[in-house]
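# Structure assessment
One-letter residues, chain by chain:
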Amino acid sequence: MKKLFILSIILAVPAFADGNIETGSVPANPAGEKTPQQAAVPQPEATNAAAKETSKAKPSGSPLAGGAPSAGMMPLNLNSLGAGDSNAIISLLSTQGNLTDAMGQKADEAQVRIVKGRFEKYLNAQPATSAEDLAYNDLLVEISQRLAGKGGGSDDERVTDAWRMLFKAEGYSMDDQLCRTIADKVINFWQTTRKISRLALQNEYLEKERKRRESDIRSINSADRQDFIAMMRGKDATPPPSREYELDPVKKRLEETESKLKENKSYEASSRINQKLDFQSLILQFFIQRRYYHSMIANDFYRYIFSAEDGKLDGADQLKQQMFGGIDIKLTTSTIDALCKEAINDTANGVQAADYLISKGEYHSATQRLMEAFFIGEHLAPIKTFPLERKREILKYIRDTDKLINAVKVKHVERAEEILKEIQEYATDFDSGQIEAFIQTSKQLSNLALQKALVAAQTGNQAGVETALQEAVEFWPTNPKIQEFLSTMIGKVDLKDVATTDFDRLFAQKDFRGIFNDRFRFAAALAMDKSRSDQFMEIMKRMETIETSIGQAKELSRLKNNFAAWEIIEKVYQMYPEDQELNRMRSDLTLRASNFAAAISKAEESLQNGDKWEALLGFIRAKQIYPMSSFANDKIAGLAEEILQNCN
Amino acid sequence: MIAAAFPVIAVAIVALIIAFKPSKGMSGSGSDLPDRYFDAPKSFAGNSYSINASVDSQLAYKGGVGRILLVQVSENGALLPLFVQEDTKNFNPMTGQKYRFAVKIDGEGKLVLSNFRKM
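Every value quoted in this text rests on a predicted model; they were computed, and no experiment measured them. (Residues numbered from 1 in each chain as written. Chains lettered and ligands numbered in written order. Predicted model: local features only at pLDDT ≥ 70, side-chain atom pairs only at ≥ 80, totals over all residues. Heavy atoms only, no water.)

Quick look at the overall build of chain B now. If you tally the helices and strands in chain B, you get one helix and five strands. Each helix and strand of chain B, placed in order from N terminus to C terminus, yields the pattern α-β-β-β-β-β. Taking all 119 residues of chain B together, the buried fraction comes to 39%. The long-range fraction of contacts in chain B, counting pairs at least 24 apart against all pairs at least 6 apart in sequence, stands at 46%. (Helix = DSSP H or I, 4+ residues; strand = E, 2+ residues; numbered from the N terminus. Buried < 20%, exposed > 50% of the residue type's maximum accessible area, 1.4 Å probe, protein only. Contact = heavy atoms within 4.5 Å.)

What follows concerns the overall build of chain A. Secondary structure summary: chain A contains 28 helices and two strands in total. Relative to its 648 residues, chain A shows a buried fraction of 45%. Sequence-distant contacts in chain A: of pairs separated by 6 or more residues, those separated by 24 or more amount to 69%. With an accessible surface of roughly 32,400 Å², chain A has 52% of that area assigned to carbon and sulfur atoms. (Areas by Shrake-Rupley, 256 points an atom, 1.4 Å probe, with all protein chains shown as cover.)

A side chain of one charge can pair with a side chain of the opposite charge if their charged atoms are brought near each other. One pass over the structure, following the stated rule, counts 43 salt bridges over all chains. A salt bridge links Asp-611 of chain A to Lys-42 of chain B, with the nearest nitrogen and oxygen atoms 2.6 Å apart. With one member in each of two chains, Asp-611 of chain A in the loop between helix H26 (594–609) and helix H27 (612–625) and Lys-42 of chain B in the loop between helix H1 (2–19) and strand S1 (48–62) form a pair that bridges those chains. Accessibility expressed as a relative area gives 15% for Asp-611 of chain A, which makes it buried. For Lys-42 of chain B, a relative accessible area of 42% corresponds to the partly exposed category. (Salt bridge = Lys/Arg side-chain N within 4 Å of Asp/Glu carboxyl O.)

As a further point, take H27 of chain A. With 14 residues, H27 of chain A extends 20 Å between its outermost C-alpha atoms, agreeing within 8% with the 20 Å of an ideal straight helix rising 1.5 Å per residue. With 10 of its 14 residues buried, H27 of chain A lies for the most part within the structure. Where H27 of chain A is buried, its residues contact H26 and helix H28 (630–646) of chain A together with S1, strand S2 (66–73), strand S3 (79–85) and strand S5 (111–118) of chain B. (Expected span 1.5 Å × (residues − 1).)

A word on the side chain of Asp-175 of chain A. Residues and elements named next belong to chain A. Tracing the backbone shows Asp-175 in the loop between helix H8 (155–170) and helix H9 (178–233). Only 2.9 Å separates the side chain of Asp-175 from the backbone nitrogen of Cys-179, close enough to count as a polar contact. If we ignore the near neighbours within four places in the chain, the residues touching Asp-175 are Tyr-136, Leu-140, Ala-169, Glu-170, Arg-180 and His-294. (Polar contact = N/O pair within 3.5 Å; in protein donor to acceptor, adjacent residues only side chain to side chain.)

With 17 residues of chain A in contact, the opposing surface of chain B contributes 26 residues. When the two sides are added together, the surface that chain A and chain B hide from each other amounts to roughly 1,800 Å², 68% of it contributed by carbon and sulfur. When the buried area of chain A at its contact with chain B is split by residue, Trp-613, Leu-617 and Leu-644 of chain A rank highest and sum to 37% of it. Counting the contacts that link chain A with chain B gives two salt bridges. Taken together, chain A and chain B are joined by eight residue pairs in polar contact (both at pLDDT 80 or more). Among the secondary structure elements, those contributing two or more residues to the side of chain A that touches chain B are H27 and H28 of chain A. For the side of chain A that touches chain B, the leading source of residues is H27 of chain A, giving eight residues. (Buried area = accessible area lost by both parts, 1.4 Å probe.)

The subject of this paragraph is the nonpolar core. Formed by 80 residues in total, the largest nonpolar core has its most connected members in Ile-515 of chain A together with Tyr-37, Leu-80, Phe-101 and Leu-111 of chain B. Of all the elements, helix H23 (residues 530–558) of chain A adds the most residues to this core, at eight residues. Setting aside its immediate chain neighbours within four residues, Tyr-37 of chain B contacts Trp-613 and Leu-617 of chain A together with Phe-44, Leu-80, Ile-105, Gly-109, Lys-110 and Leu-111 of chain B. Within the second largest apolar cluster, 45 residues are counted, among which are Leu-147, Leu-282, Phe-301 and Ile-376 of chain A. (Core = buried A, V, L, I, M, F, W, Y, C linked by side-chain atoms within 4.5 Å.)

Moving on, we come to unusual backbone geometry. Apart from glycine, the bulk of residues carry a negative phi angle, and the bulk of peptide bonds sit in the trans form. Residue and element names in this part refer to chain A. Here Gln-177, not a glycine, exhibits a phi torsion of approximately 60°, which is positive. As for its placement among the helices and strands, Gln-177 is situated in the loop between H8 and H9. With a relative accessible area of 48%, Gln-177 lands in the partly exposed category. For Arg-290, which is not glycine, the phi torsion reads 60° and is therefore positive. For Arg-290, the position within the fold is in the loop between helix H10 (244–288) and helix H11 (292–305). In this structure Arg-290 comes out as buried when scored by relative accessible area, which is 5%.

Time to look at the packing of aromatic side chains. Residues and elements named next belong to chain A. Considering all chains together, one arrives at 30 aromatic pairs over all chains under this definition. When the ring of Phe-563 is compared with that of Tyr-626, the centres are 6.1 Å apart and the planes differ by 35°; the resulting orientation is tilted. Pair noted here: Phe-563 is in helix H24 (residues 562–575) and Tyr-626 is in the loop between H27 and H28, with a separation of 63 residues, a long-range link. Aromatic ring contacts, followed pair by pair, group Phe-503, Phe-507, Phe-512, Phe-522 and Phe-536 into a single cluster. (Phe/Tyr/Trp six-rings, centres within 6.5 Å; stacked < 30°, edge-to-face > 60°.)

The next point concerns the confidence of the model for chain A. Any region with low pLDDT has predicted coordinates that should not be read closely. All names here are of chain A. Across chain A, the average pLDDT comes to 77, with 78% of residues at or above 70. Mean pLDDT per element in chain A: helix H2 (residues 14–17) is the minimum at 32, and H27 is the maximum at 90. Across residues 1–86, confidence stays below pLDDT 50; counting only partners more than four residues off in sequence or on other chains, it has 185 contacts. (pLDDT = per-residue confidence, 0-100.)

Bringing the confidence of the model for chain B into the picture now. Residues and elements named next belong to chain B. Chain-level statistics for chain B give a pLDDT mean of 79 and a share of 74% at 70 or above. Within chain B, H1 has the poorest average pLDDT of any element, 49, and S3 the best, 93. Across residues 14–30, confidence stays below pLDDT 50; counting only partners more than four residues off in sequence or on other chains, it has 21 contacts.

This part is about the pairing of S2 of chain B. All names here are of chain B. In terms of residue burial, S2 counts as a mostly covered element, since six of its eight residues are buried. In this sheet, S2 lies alongside S1 in antiparallel orientation, the contact comprising eight bridges. Following the sheet pairing, Ser-57 is matched in S2 by Leu-70. Where S2 folds back on S3, the antiparallel hairpin that results is connected by five residues, among which Gly-77 adopts a positive phi of roughly 80°. (Pairing = 2+ DSSP bridges.)

This part covers the pairing of S3 of chain B. All names here are of chain B. Counting buried residues in S3 gives six out of seven residues, a clear majority hidden from the surface. Summarising the sheet, S2 and S3 pair through seven bridges and their orientation is antiparallel. Counterpart to Gln-72 in the pairing with S3 is Leu-79.

Here we come to the environment of Ala-523 of chain A. Its location among the elements puts Ala-523 of chain A in helix H22 (residues 519–525). Separated by 13 residues in sequence, Ala-523 of chain A and Phe-536 of chain A have C-alpha atoms that sit 7.8 Å apart.

Now for the packing of H10 of chain A against helix H13 (residues 333–359) of chain A. In a pair of packed helices, the angle between the axes and the distance between the axes together describe the arrangement. Residue and element names in this part refer to chain A. Running from amino to carboxyl end, H10 crosses H13 at an angle of 20°, the nearest separation of the two axes being 11 Å. When the axes of H10 and H13 are compared, the pair comes out roughly parallel. Judged by the twist between their axes, the crossing of H10 over H13 is left-handed. In this structure, H10 uses Ile-283, Leu-284 and Phe-287 to contact H13, whose residues at the interface are Thr-333, Ile-336, Leu-339 and Cys-340. (Axes fitted to C-alpha atoms, helices over the stretch in contact; angles between N-to-C directions. Parallel < 35°, antiparallel > 145°, perpendicular 65-115°, else oblique. Left-handed = near helix turned anticlockwise from the far one by under 90°.)

With that settled, consider the packing of H8 of chain A against H9 of chain A. Residues and elements named next belong to chain A. Direction vectors running N to C along H8 and H9 enclose 140°, while the axes themselves pass 8 Å from each other. Relative to H9, the crossing made by H8 is left-handed. On the side of H8, the interface is formed by Val-159, Trp-163, Leu-166, Phe-167, Ala-169 and Glu-170, while H9 contributes Cys-179, Arg-180, Ile-182, Ala-183, Val-186, Ile-187 and Trp-190. The residue inventory of the contact of H8 with H9, partitioned by class, reads 11 nonpolar, no polar and two charged. (Nonpolar A, V, L, I, M, F, W, Y, C, P; charged D, E, K, R; others polar.)

Helix length check: H10 of chain A (45 residues) gives 64 Å between terminal C-alpha atoms against 66 Å at 1.5 Å per residue, within 8%. Just downstream of H10 of chain A, Arg-290 of chain A is the residue with a positive phi angle, here 60°.

This is the structure:
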């Protein structure tokens, strides 16, 4: 039974819970005048205005709504949604997210999937508008109306006619042989009734038989008593033998008769009760299966078959609890009948409202209304005949909201914005305000977290960077600024590390030119590194000297003044002999100014050997080669002074 | 009177001739300093040579010690340093002035002026 109730999952949106299916937005149905008879027998199509009245008159908390919760169920009511919590949005966006069963219990994920699948299957199904479908719908109405009295005749005639029509309805595939089940129950009742009639005749006979056996017993007992009185009158008279032996077979027959009689009466009583319970179960089963017409037809048969009997439904305590909660109410066949009619009306109204809302572009409400109608009256004509193109429009909306849900779930803000825009273009009633707020808030919080990460990075707070970045990703994983930030940071970290390593390596190798060649990278990377920065500056000064001398030497060499070029290079070389470029140029110029270079070299060698005069001679020879040689002139003057100093 | 003064004049002339008698090496018209001197001056220590040269410049001077002149050999234009001791008398070189120098190479290979004659 409980499983069947789960199958009867219905939407518990507040509008439905309040019994207000937005009929106010639907143009009033002009077919408001109906006969009471028609009102009592609802039409499957949305032509039943009397039923609409019933719907309007129904109390708040419709039984079919199952007392479903209404709080927080307004579409896109985000309440106090936190920026980081998109679950509420997802729940509210989901048109299937608010499903509850008849007990008001929220449907679990598996149930929602089943329901969603069924609803989507319905939305893609061709409408049941074939002649056969329409004929079947008409026939069900006809059966119901015949039982209600249409066409006149006695009760037996109408029951018999309706019973015959059940076999006709059974022939339609969409009936699923439910009418045959009703017809079988009716036949079963009739057969049982005949059997009970036969048992009544048999009981009459058995009653007579019992009376006869009782009479026989009385006769035997009377004869026995006469014999005993006669014996007591004579003193020496011998007591006559007892007539007990005559009584035994008679008593046995009497017992057998009484047992049979009791058995027959018991069968009569129990079979009636069982039949009643069977019928009641059938009525309830049809109701739960949302086969409202079948439920009403079975109900009508029940009332004729078990006329003048109590209509209270036994064994339906659970249903009563689910439908009416703690209210002490008697659940009768009439109650079920009223509930069926109300469901039929609600379905018709829901479909009509959905149709109207679609025409106005209010797809969110239309989807809700159609879902409600579908889960109340899946097998009713208004649902089955709803046009496919309308259903496809609903399906598009559902798919778009599903996409939006997925985007919000993964916090793909750009995608959510894109889909939101699409939905807004055609769904006029889509409340985008809170989604937009969610998107904006996500963006802002993500960017704020990025700023925090930047500040942390500037202060060298690695843990702070990680935490802030994690926060930024959490709010908006696809935030393009995160990627930018990471690229910058990774670039910076990498550059600094690599540059430091490179600098240390080149410095150890005394490859100052290598450092000079990549001076811009090192300058940026080592700016905050005091010790390396100082080393770097020294190297830059050294390289400036070298580069200047190389530049001058190149120019002098171009002017064919190779001695001067060599001399400039040689001076710098003596200070910084490790520079490869300087070495290369020195070698080159040494060839071009070989005699001058050789003189200087020889002089240097003499000087190193302590032969100052010889050195002086060498420098003078060099001067003679290149009179402008400052190198030679300086040395000459210096050496001359030294020589005199050493003379006594 | 003239005859009485003749012997005095003659002695003076002889004395002058003796005084200005060119030493060995200075008797020629050019410098006889060997070229290898530039490469290994110590190898010629103790030798004396005469050099015709003009004064180029004074490289250094130290009171009580002397000076080092840079002279240019007339024959080949080679520049040479020349050490002139402080006590060399009557030697007042001027730049460009040509001399015939009598030099001697000391133990350090230095060219030391031993005599000179203005050209």
